[in-house]
Amino acid sequence: MVTIESLPTETNGLSFLDSRIKTTVHKFIKEYFSDPLIAGALLTGSYATGIKVSKYSDIDVSFVLVDSVHTRKRGNKIMNGYLVEYTADPFKYIRRLFNENHVAGIRHIARKYATGIILFDRGGVVDLQEEAKNILHQSIVNLADDPQWIEMAKYYLLDQLLNIQALYEEGSKGFQFAYFAHIQKILDTYGKFIGAEVLRPERVHQLLTDQEFCAKYGIEQFSDCHFMEMATACMERIDFETLIALDNYVLERMGGFCTDGWLFESNCP
């Protein structure tokens, strides 16, 4: 049986952290430890993985609730000058998110629990973490065998590029926003085509360039190194010609696209 007395001052697995962070985590956990509806807790995010943190990094704590609970919580609290961001979700809801993420081709929730440090476990949290680790090794479903999706995806890539070209030639102030939005569109499309996970925008550059970051979070980079180099070049310097080349590269990898005579026919639902 886990008791607050058995929870060490330097909370489980946190020996590598700054003493102020460890003290803050312990103090925060202690406030909620007596709640019988909490099955366990994990430290997640950058402090758990050892990734370089900034002055804006918060301390992420994830509580796991017993399944008799039918609500979930998310909140913030400032302690010792640090922002603690916490979630509280029942086992069943977390597992539902695992499945929803898998269908969407992302592993964000599984990664959160797989890379977290278990602070305490009254039962079931270790098993949940093992499930999450297994999910990180599952293949992401690709859409390379879906001809309808492929044709429409290629159409939208070219159509959007032409609209951005018009903004570029007009000298529109909206060009830069559309430029970076299209890089994200290309990444999402090609990721779905080859079965690669695409992270949130603030993490995309690290996905493409930072192997240490990817290793610590259990992230697989794109298998296409040339694509990653081209996408990185587009992100690091606004160059419309490079964006055109990236768009054309993906279109060719997806089977090519000819505007003249293109026709798409599908069944009505």
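Here's a quick rundown of the structure. On a predicted model such as this, the values are computed, not experimentally measured, just so you know.

**Here's the deal with helix H11 (residues 240–253)**
In this model, H11 (14 residues) spans 20 Å end to end at C-alpha, consistent with the 20 Å of a helix rising 1.5 Å per residue. If you follow the buried residues of H11, they end up packed against helix H6 (147–170), helix H7 (175–194) and helix H10 (225–236). Gly255 occupies a position one or two residues after H11 and carries a positive phi of about 110°.

**Structural notes on the packing of H7 against H11**
The packing of two helices is summarised by the inter-axis angle and the distance between the axes. Relative orientation of the contacting elements H7 and H11 amounts to 20°, with a least axis distance of 11 Å. Taken as axis vectors, H7 and H11 run roughly parallel relative to one another. Handedness of the H7/H11 crossing: left-handed. Facing Phe175, Tyr179, His182, Ile183, Ile186, Tyr190 and Phe193 of H7, the residues of H11 in contact are Phe240, Leu243, Leu246, Asp247, Tyr249, Val250 and Arg253. Its residues assigned to classes, the contact of H7 with H11 comprises 11 nonpolar, one polar and two charged.

**Some thoughts on the packing of H10 against H11**
Between H10 and H11, whose axes approach to 9 Å, the crossing angle comes to 150°. Considering the angle they form, H10 stands roughly antiparallel to H11. Relative to H11, the crossing made by H10 is left-handed. In contact with His226, Phe227, Met230, Ala231, Ala233 and Cys234 of H10, H11 contributes Thr242, Leu243, Ala245, Leu246, Tyr249 and Val250. Among the residues forming the contact of H10 with H11, the class breakdown is 10 nonpolar, two polar and no charged.

Reading guide: rules and limits
Residues numbered from 1 in each chain as written. Predicted model: local features only at pLDDT ≥ 70, side-chain atom pairs only at ≥ 80, totals over all residues. Heavy atoms only, no water. Helix = DSSP H or I, 4+ residues; strand = E, 2+ residues; numbered from the N terminus. Expected span 1.5 Å × (residues − 1). Contact = heavy atoms within 4.5 Å. Axes fitted to C-alpha atoms, helices over the stretch in contact; angles between N-to-C directions. Parallel < 35°, antiparallel > 145°, perpendicular 65-115°, else oblique. Left-handed = near helix turned anticlockwise from the far one by under 90°. Nonpolar A, V, L, I, M, F, W, Y, C, P; charged D, E, K, R; others polar.

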